[in-house]
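Here's the letter readout for the chains.
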Amino acid sequence: MTVSVFASGSGGNCLLVSGVGTNILIDAGISMRRVKSALAEAQLNVEDIGGVLITHEHSDHISGLKMLCRHYALPVFAPHTVANRLAGKIPEIEENLHIIPVNEDFYIENLKIRAFRTPHDTDESVGYRVEGEGVFALGTDMGHVTQEVMDGLMGAETVLIESNHDERLLIEGPYPAVLKRRILSDNGHLSNSACACLAKTLSDTGTENIILGHLSRENNRPAIARAAAEAALGTDRGLFVAPELGFLQVPVGKAVQNERD
(Lines give C-alpha, C1' and ligand atoms only; values in the text may rest on other atoms or scores of the structure.)
Protein backbone atom coordinates (compact mmCIF):
# COMPACT_ATOMS: atom_id res chain seq x y z
CA MET A 1 0.00 0.00 0.00
CA THR A 2 1.31 3.47 -0.90
CA VAL A 3 0.36 7.13 -0.76
CA SER A 4 1.55 9.36 -3.61
CA VAL A 5 1.35 13.12 -3.09
CA PHE A 6 0.80 15.05 -6.32
CA ALA A 7 0.38 18.49 -4.74
CA SER A 8 0.06 19.91 -1.24
CA GLY A 9 -0.25 23.57 -0.34
CA SER A 10 -2.34 26.69 -0.78
CA GLY A 11 -1.91 26.39 -4.57
CA GLY A 12 -3.59 22.98 -4.74
CA ASN A 13 -4.00 19.63 -3.01
CA CYS A 14 -4.28 16.14 -4.47
CA LEU A 15 -2.96 12.72 -3.50
CA LEU A 16 -3.38 9.09 -4.47
CA VAL A 17 -3.84 6.15 -2.13
CA SER A 18 -3.27 2.71 -3.66
CA GLY A 19 -3.82 -0.63 -1.96
CA VAL A 20 -5.60 -4.01 -2.21
CA GLY A 21 -6.20 -3.46 -5.92
CA THR A 22 -7.95 -0.12 -5.40
CA ASN A 23 -6.84 3.44 -6.21
CA ILE A 24 -8.49 6.58 -4.84
CA LEU A 25 -7.74 10.27 -4.96
CA ILE A 26 -8.12 12.57 -1.98
CA ASP A 27 -9.01 16.06 -3.25
CA ALA A 28 -8.59 17.36 -6.78
CA GLY A 29 -7.19 20.85 -6.35
CA ILE A 30 -4.95 20.76 -9.43
CA SER A 31 -5.79 20.73 -13.13
CA MET A 32 -6.96 17.60 -14.91
CA ARG A 33 -3.80 17.71 -17.01
CA ARG A 34 -1.63 17.64 -13.89
CA VAL A 35 -3.71 14.87 -12.33
CA LYS A 36 -3.29 12.76 -15.46
CA SER A 37 0.45 13.47 -15.60
CA ALA A 38 0.90 12.50 -11.95
CA LEU A 39 -1.17 9.35 -12.41
CA ALA A 40 1.09 8.41 -15.31
CA GLU A 41 4.06 8.67 -12.90
CA ALA A 42 2.25 6.05 -10.81
CA GLN A 43 1.58 4.00 -13.99
CA LEU A 44 -2.17 4.61 -13.75
CA ASN A 45 -4.93 6.26 -15.77
CA VAL A 46 -8.00 8.16 -14.60
CA GLU A 47 -10.04 5.06 -15.45
CA ASP A 48 -8.10 3.19 -12.74
CA ILE A 49 -9.44 5.49 -10.01
CA GLY A 50 -12.28 4.11 -7.90
CA GLY A 51 -13.33 7.50 -6.59
CA VAL A 52 -12.34 10.94 -5.31
CA LEU A 53 -12.72 11.84 -1.64
CA ILE A 54 -13.19 15.57 -0.99
CA THR A 55 -12.17 17.13 2.32
CA HIS A 56 -13.98 20.45 1.84
CA GLU A 57 -15.05 22.85 -0.89
CA HIS A 58 -12.24 25.45 -0.84
CA SER A 59 -10.81 25.97 -4.32
CA ASP A 60 -7.35 24.60 -3.52
CA HIS A 61 -9.04 21.22 -2.94
CA ILE A 62 -11.54 21.08 -5.82
CA SER A 63 -10.29 23.28 -8.69
CA GLY A 64 -9.67 20.32 -11.02
CA LEU A 65 -12.82 18.42 -10.12
CA LYS A 66 -15.13 20.03 -12.70
CA MET A 67 -13.02 19.02 -15.71
CA LEU A 68 -12.34 15.53 -14.33
CA CYS A 69 -16.06 14.92 -13.89
CA ARG A 70 -16.90 16.45 -17.26
CA HIS A 71 -14.60 14.01 -19.07
CA TYR A 72 -14.83 10.93 -16.83
CA ALA A 73 -17.63 9.18 -14.92
CA LEU A 74 -15.64 9.49 -11.74
CA PRO A 75 -17.42 8.81 -8.43
CA VAL A 76 -17.04 11.68 -5.94
CA PHE A 77 -17.45 11.10 -2.19
CA ALA A 78 -18.04 13.79 0.44
CA PRO A 79 -19.94 14.28 3.71
CA HIS A 80 -23.37 15.88 3.57
CA THR A 81 -22.62 19.60 3.82
CA VAL A 82 -19.52 19.39 1.62
CA ALA A 83 -21.54 17.42 -0.96
CA ASN A 84 -24.22 20.12 -1.01
CA ARG A 85 -21.58 22.81 -1.59
CA LEU A 86 -20.02 20.76 -4.38
CA ALA A 87 -23.36 20.22 -6.11
CA GLY A 88 -23.94 23.97 -6.03
CA LYS A 89 -20.51 24.83 -7.40
CA ILE A 90 -20.13 21.98 -9.92
CA PRO A 91 -23.45 20.75 -11.33
CA GLU A 92 -21.55 18.27 -13.55
CA ILE A 93 -20.77 16.04 -10.59
CA GLU A 94 -24.28 15.64 -9.21
CA GLU A 95 -25.15 12.24 -10.71
CA ASN A 96 -21.81 10.79 -9.59
CA LEU A 97 -21.85 12.40 -6.13
CA HIS A 98 -22.08 10.10 -3.12
CA ILE A 99 -22.84 11.40 0.39
CA ILE A 100 -20.80 9.60 3.03
CA PRO A 101 -21.16 9.35 6.81
CA VAL A 102 -18.75 10.98 9.26
CA ASN A 103 -17.11 8.77 11.89
CA GLU A 104 -18.55 5.63 10.30
CA ASP A 105 -16.71 3.15 8.10
CA PHE A 106 -17.60 2.79 4.42
CA TYR A 107 -15.89 1.20 1.43
CA ILE A 108 -14.64 2.26 -1.97
CA GLU A 109 -14.00 -1.07 -3.65
CA ASN A 110 -11.50 -2.85 -1.35
CA LEU A 111 -10.46 0.11 0.80
CA LYS A 112 -12.14 0.83 4.13
CA ILE A 113 -12.50 4.55 4.78
CA ARG A 114 -13.61 6.76 7.63
CA ALA A 115 -14.05 10.53 7.56
CA PHE A 116 -13.45 12.62 10.69
CA ARG A 117 -14.14 16.31 11.26
CA THR A 118 -11.36 18.91 11.19
CA PRO A 119 -11.91 22.39 12.70
CA HIS A 120 -11.61 24.79 9.76
CA ASP A 121 -13.22 28.00 8.56
CA THR A 122 -15.99 26.35 6.56
CA ASP A 123 -19.27 24.72 7.52
CA GLU A 124 -17.77 21.24 7.16
CA SER A 125 -14.24 19.96 6.68
CA VAL A 126 -12.94 16.43 7.16
CA GLY A 127 -9.82 14.32 7.17
CA TYR A 128 -9.73 10.70 6.05
CA ARG A 129 -8.47 7.39 7.40
CA VAL A 130 -7.92 4.72 4.74
CA GLU A 131 -7.30 1.04 5.52
CA GLY A 132 -6.01 -1.61 3.13
CA GLU A 133 -2.84 -3.64 3.63
CA GLY A 134 -1.90 -0.83 6.00
CA VAL A 135 -3.46 2.35 7.40
CA PHE A 136 -3.00 5.87 6.01
CA ALA A 137 -4.57 9.00 7.50
CA LEU A 138 -4.72 12.60 6.33
CA GLY A 139 -5.40 15.57 8.60
CA THR A 140 -5.00 19.09 7.19
CA ASP A 141 -6.90 22.38 7.19
CA MET A 142 -7.43 22.60 10.91
CA GLY A 143 -6.75 25.34 13.41
CA HIS A 144 -6.20 22.98 16.32
CA VAL A 145 -6.06 19.28 17.08
CA THR A 146 -9.25 17.86 18.54
CA GLN A 147 -9.82 14.44 20.09
CA GLU A 148 -11.76 13.49 16.97
CA VAL A 149 -8.72 14.33 14.84
CA MET A 150 -6.47 12.32 17.16
CA ASP A 151 -8.82 9.35 16.95
CA GLY A 152 -8.70 9.55 13.16
CA LEU A 153 -4.91 9.76 12.95
CA MET A 154 -3.63 7.53 15.75
CA GLY A 155 -2.53 4.04 14.84
CA ALA A 156 -2.02 4.90 11.16
CA GLU A 157 1.34 3.71 9.86
CA THR A 158 1.69 6.70 7.53
CA VAL A 159 0.07 10.12 8.02
CA LEU A 160 0.00 13.41 6.18
CA ILE A 161 -0.51 16.26 8.64
CA GLU A 162 -0.61 20.01 8.20
CA SER A 163 2.49 22.10 8.83
CA ASN A 164 1.08 25.27 7.33
CA HIS A 165 3.04 28.21 8.66
CA ASP A 166 5.92 29.49 10.74
CA GLU A 167 4.31 31.84 13.23
CA ARG A 168 7.09 34.46 13.00
CA LEU A 169 6.98 34.52 9.20
CA LEU A 170 3.19 34.87 9.30
CA ILE A 171 3.09 37.60 11.95
CA GLU A 172 5.90 39.63 10.35
CA GLY A 173 4.70 38.99 6.80
CA PRO A 174 2.58 41.07 4.40
CA TYR A 175 -0.83 39.44 4.98
CA PRO A 176 -3.55 41.81 6.25
CA ALA A 177 -4.30 41.55 9.96
CA VAL A 178 -7.72 39.96 9.43
CA LEU A 179 -6.18 37.13 7.37
CA LYS A 180 -3.43 36.57 9.94
CA ARG A 181 -6.05 36.26 12.69
CA ARG A 182 -8.03 33.78 10.59
CA ILE A 183 -4.98 31.57 9.96
CA LEU A 184 -3.96 31.68 13.63
CA SER A 185 -7.47 30.98 14.91
CA ASP A 186 -8.81 27.64 16.17
CA ASN A 187 -10.50 27.26 12.77
CA GLY A 188 -7.47 28.23 10.69
CA HIS A 189 -4.34 26.23 9.97
CA LEU A 190 -1.77 24.38 12.08
CA SER A 191 1.59 26.06 12.67
CA ASN A 192 4.91 24.24 12.39
CA SER A 193 5.18 24.07 16.18
CA ALA A 194 1.68 22.64 16.62
CA CYS A 195 2.35 20.14 13.86
CA ALA A 196 5.62 19.12 15.51
CA CYS A 197 3.77 18.35 18.77
CA LEU A 198 1.23 16.29 16.86
CA ALA A 199 3.99 14.47 14.98
CA LYS A 200 5.70 13.58 18.25
CA THR A 201 2.49 12.14 19.73
CA LEU A 202 1.80 10.09 16.61
CA SER A 203 5.37 8.82 16.41
CA ASP A 204 5.28 7.81 20.07
CA THR A 205 2.13 5.77 19.43
CA GLY A 206 3.43 3.85 16.43
CA THR A 207 3.26 5.99 13.30
CA GLU A 208 6.22 5.12 11.08
CA ASN A 209 6.07 7.77 8.33
CA ILE A 210 5.04 11.40 8.76
CA ILE A 211 4.47 13.65 5.76
CA LEU A 212 4.36 17.39 6.43
CA GLY A 213 1.78 18.94 4.13
CA HIS A 214 -0.19 22.03 3.15
CA LEU A 215 2.82 24.36 3.62
CA SER A 216 2.11 28.02 2.95
CA ARG A 217 4.18 29.40 0.10
CA GLU A 218 4.32 32.84 1.73
CA ASN A 219 4.56 31.96 5.43
CA ASN A 220 6.69 28.82 5.52
CA ARG A 221 9.71 27.07 4.05
CA PRO A 222 10.19 23.30 3.70
CA ALA A 223 13.48 23.46 5.63
CA ILE A 224 11.84 25.36 8.51
CA ALA A 225 8.89 22.95 8.73
CA ARG A 226 11.21 19.93 8.60
CA ALA A 227 13.51 21.37 11.27
CA ALA A 228 10.61 21.95 13.67
CA ALA A 229 9.32 18.40 13.26
CA GLU A 230 12.80 16.88 13.40
CA ALA A 231 13.53 18.69 16.66
CA ALA A 232 10.37 17.25 18.21
CA LEU A 233 10.92 13.76 16.85
CA GLY A 234 14.66 13.66 17.54
CA THR A 235 15.24 12.17 14.07
CA ASP A 236 14.47 12.74 10.40
CA ARG A 237 13.89 9.04 9.77
CA GLY A 238 10.43 8.50 8.33
CA LEU A 239 9.93 12.27 7.92
CA PHE A 240 8.95 13.75 4.53
CA VAL A 241 7.86 17.14 3.21
CA ALA A 242 5.08 17.00 0.63
CA PRO A 243 5.82 18.80 -2.64
CA GLU A 244 3.87 21.92 -3.55
CA LEU A 245 3.65 20.29 -6.96
CA GLY A 246 5.52 17.11 -7.87
CA PHE A 247 5.52 13.42 -6.97
CA LEU A 248 6.31 11.93 -3.58
CA GLN A 249 5.54 8.27 -2.92
CA VAL A 250 5.67 6.95 0.63
CA PRO A 251 4.93 3.40 1.80
CA VAL A 252 2.08 2.42 4.05
CA GLY A 253 3.53 -0.79 5.36
CA LYS A 254 6.17 -2.39 3.15
CA ALA A 255 6.59 -0.75 -0.25
CA VAL A 256 9.13 1.06 -2.42
CA GLN A 257 9.60 4.77 -1.91
CA ASN A 258 10.18 7.20 -4.77
CA GLU A 259 10.47 10.98 -4.95
CA ARG A 260 10.61 13.26 -7.97
CA ASP A 261 9.93 16.98 -8.22
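Below you will find a few notes about this structure. (Residues numbered from 1 in each chain as written. Predicted model: local features only at pLDDT ≥ 70, side-chain atom pairs only at ≥ 80, totals over all residues. Heavy atoms only, no water.)

One pass over the full model with this rule turns up two aromatic pairs. Measuring from ring centre to ring centre gives 6.1 Å for Phe-6 and Phe-247, while their planes differ by 20°; the resulting arrangement is stacked. Placement of Phe-6 in strand β1 (residues 2-7) and of Phe-247 in strand β14 (residues 247-251) is noted, with a sequence separation of 241 residues between them. Across this residue pair, the class does not change: Phe-6 and Phe-247 are buried. Aromatic pair Phe-77 and Phe-106: ring centres 6.4 Å apart, planes at 25°, arrangement stacked. (Phe/Tyr/Trp six-rings, centres within 6.5 Å; stacked < 30°, edge-to-face > 60°. Helix = DSSP H or I, 4+ residues; strand = E, 2+ residues; numbered from the N terminus. Buried < 20%, exposed > 50% of the residue type's maximum accessible area, 1.4 Å probe, protein only.)

With a probe scaled to a water molecule rolled over the atoms, the places where space remains empty come into view. Of the voids in this model, the second largest pocket is the one considered here, and its volume is about 230 Å³. Ser-10, Asn-164, Arg-182, His-189 and His-214 are, among the 16 residues lining the second largest pocket, the residues nearest its centre. Class assignment for the residues of the lining of the second largest pocket results in three nonpolar, eight polar and five charged. (1 Å grid on protein atoms, 1.4 Å probe; cavity = no way out; pocket = protein on both sides within 12 Å on 5 of 7 lines; lining within 4 Å. Points joined across faces, edges and corners; volume = space filled by probe spheres on them. Nonpolar A, V, L, I, M, F, W, Y, C, P; charged D, E, K, R; others polar.)

In this structure, His-120 sits in the loop between β8 (111-117) and β9 (126-131). Here Gly-188 takes part through its backbone oxygen, which lies 3.0 Å from a polar atom of the side chain of His-120. Excluding anything up to four places from it in sequence, His-120 contacts His-56, His-58, Ser-125, Asp-141, Met-142, Asn-187, Gly-188 and His-189. (Polar contact = N/O pair within 3.5 Å; in protein donor to acceptor, adjacent residues only side chain to side chain. Contact = heavy atoms within 4.5 Å.)

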